[in-house]
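These are the residues of each chain, in order.
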2 protein chains.
Amino acid sequence: MINYPNGKAPLSIKTKKATALKGGLANRGMNFEAAINRANAYYVAENRAIITKRPTPIRIVKVDYSHGAHITDAYFEKQSTADYNGVYRGKYLDFETKSTQAKTSFPLANITAHQIAHLSGVIEHGGIAFFLIDFAVRQEIFLLDASFVIECYRFSNRRSITYQTIKEKGFLVPEKINPAIDYLAIVDQVYF
Amino acid sequence: MINYPNGKAPLSIKTKKATALKGGLANRGMNFEAAINRANAYYVAENRAIITKRPTPIRIVKVDYSHGAHITDAYFEKQSTADYNGVYRGKYLDFETKSTQAKTSFPLANITAHQIAHLSGVIEHGGIAFFLIDFAVRQEIFLLDASFVIECYRFSNRRSITYQTIKEKGFLVPEKINPAIDYLAIVDQVYF
């Protein structure tokens with residue numbers, strides 16, 4: 001391979017494609033959440049849905065009030081609910097987003113028992129609950145109904161769900177220009 | 001008045017009643033939010049609804065990673081949505097809680113244009129949106145539909161809504177032992 005002026009190899013076609021998807025999907029793992037936030041901003045602007053990210057809960061230890069309220073000591077806390085919730089076509093939506101570098105399976109380790117209980121309650125009360133799972137290396141995002149994840153979490157000994165199973169039970173979210181991740185198009189198909 | 005051993009006068013009957021409402025309603029302004037949180041915990045425990053508080057958004061400036069993730073510099077940000085949302089009887093709920101020390105009116109100054117736009121969107125997409133307004137001095141809590149507050153905010157020059165108007169347009173939330181503020185009983189009446 002020849003050397004390029006900046007010492008780096010040119011972007012592969014696949015990376016180029018991802019870069020073109022102006023959603024920061026190039027650096028997927030890190031930007032998956034940002035792309036979801038952009039989709040939500042798009043939905044609000046288009047008057048399609050009101051879906052917001054729950055801020056990461058923070059335990060505040062010390063606040064300095066000498067010049068306004070300045071937090072000087074605090075820690076991140078674990079989210080006991082899911083990342084996003086909101087209202088769409090009269091229905092309550094609640095979902096968790098996860099990006100994985102793994103190719104063949106989605107690990108359940110990052111999902112807490114609190115989150116499972118939360119999503120299970122959402123379904124019981126008539127809400128729509130799902131996971132958006134980003135297989136970063138494959139550049140594929142799936143919507144997977146939470147009831148299936150809950151079942152796997154509670155009643156199986158598996159510590160992960162295989163890519164193959166997600167492909168069968170889930171729904172591929174096609175990537176577009178704007179919004180890059182139009183997950184409500186899939187919500188329409190699956191839940192309405 | 002005689003002196004009591006601890007140097008303090010006895011609690012008035014009104015304060016005693018409030019203290020008995022084991023919801024911290026004694027120190028109302030400060031504890032109104034805590035009482036709503038307890039009601040929500042009660043609703044989850046009783047499998048009645050899933051309603052959660054949105055954490056206050058915090059802008060993080062500096063994180064020290066030398067011993068885990070320790071936030072050393074951060075600021076509170078204004079909530080651009082409402083305090084609480086969730087699912088109840090298949091419907092999306094979104095509401096803001098406000099406690100006021102005023103006796104004759106509820107000031108609109110603490111409500112932002114973002115919050116009004118948010119709640120307006122919620123209604124448009126089929127959700128239920130309201131305010132829970134605590135008149136701390138009167139020891140009275142009212143549920144007021146957001147559409148009325150939005151109307152006042154947008155189309156009138158008033159910078160507050162009178163107590164009398166809230167009493168007419170809103171619904172008194174009776175205080176109980178557990179939960180102290182059973183606002184879903186009023187939601188049942190008003191929206192179902």
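Keep in mind it's a predicted model, so treat the numbers as computed, not measured.

Draft legend 1. Fine view of the overall build of chain A. In terms of regular secondary structure, chain A is built from six helices and 10 strands. Residue burial in chain A is summarised as follows: out of 192 residues, 36% are buried. Considering only contacts in chain A between residues 6 or more positions apart, those separated by 24 or more positions represent 62%.

Draft legend 2. Focus on the interface of chain A and chain B. Taken together, the contact between chain A and chain B spans 30 residues of the former and 29 residues of the latter. Among the secondary structure elements, those contributing two or more residues to the side of chain A that touches chain B are β1 (50–53), β3 (70–76), β4 (84–88), β5 (91–100) and α3 (113–124) of chain A. Broken down by element, the side of chain A that touches chain B gets its largest block of residues, seven residues, from β3(A). In terms of residue class, the side of chain A that touches chain B is made up of 15 nonpolar, 11 polar and four charged. Sheet topology note: the β3(A)/strand β3 (residues 70–76) of chain B ladder contains four bridges and is antiparallel. In the strand pairing of β3(B), His70(A) is matched with Tyr75(B).

Draft legend 3. View of helix α6 (residues 183–191) of chain B. All names here are of chain B. If you check which residues of α6 are buried, you get Tyr183, Leu184, Ile186 and Val187. Down the axis of α6, the sector holding all buried residues measures 150°, keeping them to one side. Across α6 from its buried face, at more than 90 degrees, point the exposed residues Asp188 and Gln189.

Draft legend 4. Structural detail: the relation of the copies chain A and chain B. Once chain A has been moved 0.0 Å along the axis and rotated by 180°, it coincides with chain B to within an RMSD of 0.0 Å. Here the transformation between the copies is reduced to the relation of a two-fold axis.

Draft legend 5. Quick look at the confidence of the model for chain A. Residue and element names in this part refer to chain A. Overall, the prediction assigns chain A a mean pLDDT of 86, with 84% of residues at 70 or greater. Segment residues 1–24: pLDDT under 50, and 24 contacts once partners within four positions in sequence are set aside and those in other chains are kept. Here the predicted complex carries an ipTM of 0.81, next to a pTM of 0.82.

Draft legend 6. Layout of the sheet that holds strand β10 (residues 171–172) of chain B. All names here are of chain B. Here six strands make up an open sheet; going across it, the order is β1-β4-β5-β7-β8-β10 and the pairing mixed. Two strands in the sheet have a free side with no partner beyond their single neighbour: β1 (50–53) and β10. Pairing geometry for strand β5 (residues 91–100) and strand β7 (residues 128–135), over eight bridges, is parallel. Of the residues in β7, the one forming a bridge with Asp94 is Ala129. Helix α4 (residues 146–155) contacts β7 and β8 (140–145) of the sheet and is inclined by roughly 80° relative to β8.

Draft legend 7. A look at the pairing of strand β7 (residues 128–135) of chain A. Residues and elements named next belong to chain A. Of all eight residues in β7, eight are buried, a share of seventy percent or more. Residues Ile128, Phe130, Leu132 and Asp134 of β7 are buried on one face, and the alternating residues Ala129, Phe131, Ile133 and Phe135, pointing to the opposite face, are buried as well. With six bridges connecting them, β7 and strand β8 (residues 140–145) associate as antiparallel partners. Residue Asp134 lies in a different strand from β8, and its bridge partner there is Ile141.

Draft legend 8. Structural context of the packing of helix α3 (residues 113–124) of chain B against α4(B). All names here are of chain B. In the contact formed by α3 and α4, the axes pass within 10 Å of each other and the chain directions differ by 135°. Of the possible angle classes, the one that applies to α3 and α4 is oblique. In the crossing of α3 with α4, the sense of the turn from one axis to the other is left-handed. Side by side, α3 and α4 meet where Ile116, Leu119, Ser120 and Ile123 of the first sit next to Ala146, Ser147, Ile150 and Tyr153 of the second. Classifying every residue of the contact of α3 with α4 by side-chain character gives six nonpolar, two polar and no charged.

Cut-offs applied
- Residues numbered from 1 in each chain as written.
- Chains lettered and ligands numbered in written order.
- Predicted model: local features only at pLDDT ≥ 70, side-chain atom pairs only at ≥ 80, totals over all residues.
- Helix = DSSP H or I, 4+ residues; strand = E, 2+ residues; numbered from the N terminus.
- Buried ≥ 20, exposed ≤ 12 C-beta atoms within 10 Å, placed from the backbone.
- Contact = placed C-beta atoms within 7 Å.
- Nonpolar A, V, L, I, M, F, W, Y, C, P; charged D, E, K, R; others polar.
- Pairing = 2+ DSSP bridges.
- Arc of directions from axis to C-beta.
- Least-squares fit on C-alpha atoms with pLDDT ≥ 70 in both.
- pLDDT = per-residue confidence, 0-100.
- Axes fitted to C-alpha atoms, helices over the stretch in contact; angles between N-to-C directions.
- Parallel < 35°, antiparallel > 145°, perpendicular 65-115°, else oblique.
- Left-handed = near helix turned anticlockwise from the far one by under 90°.

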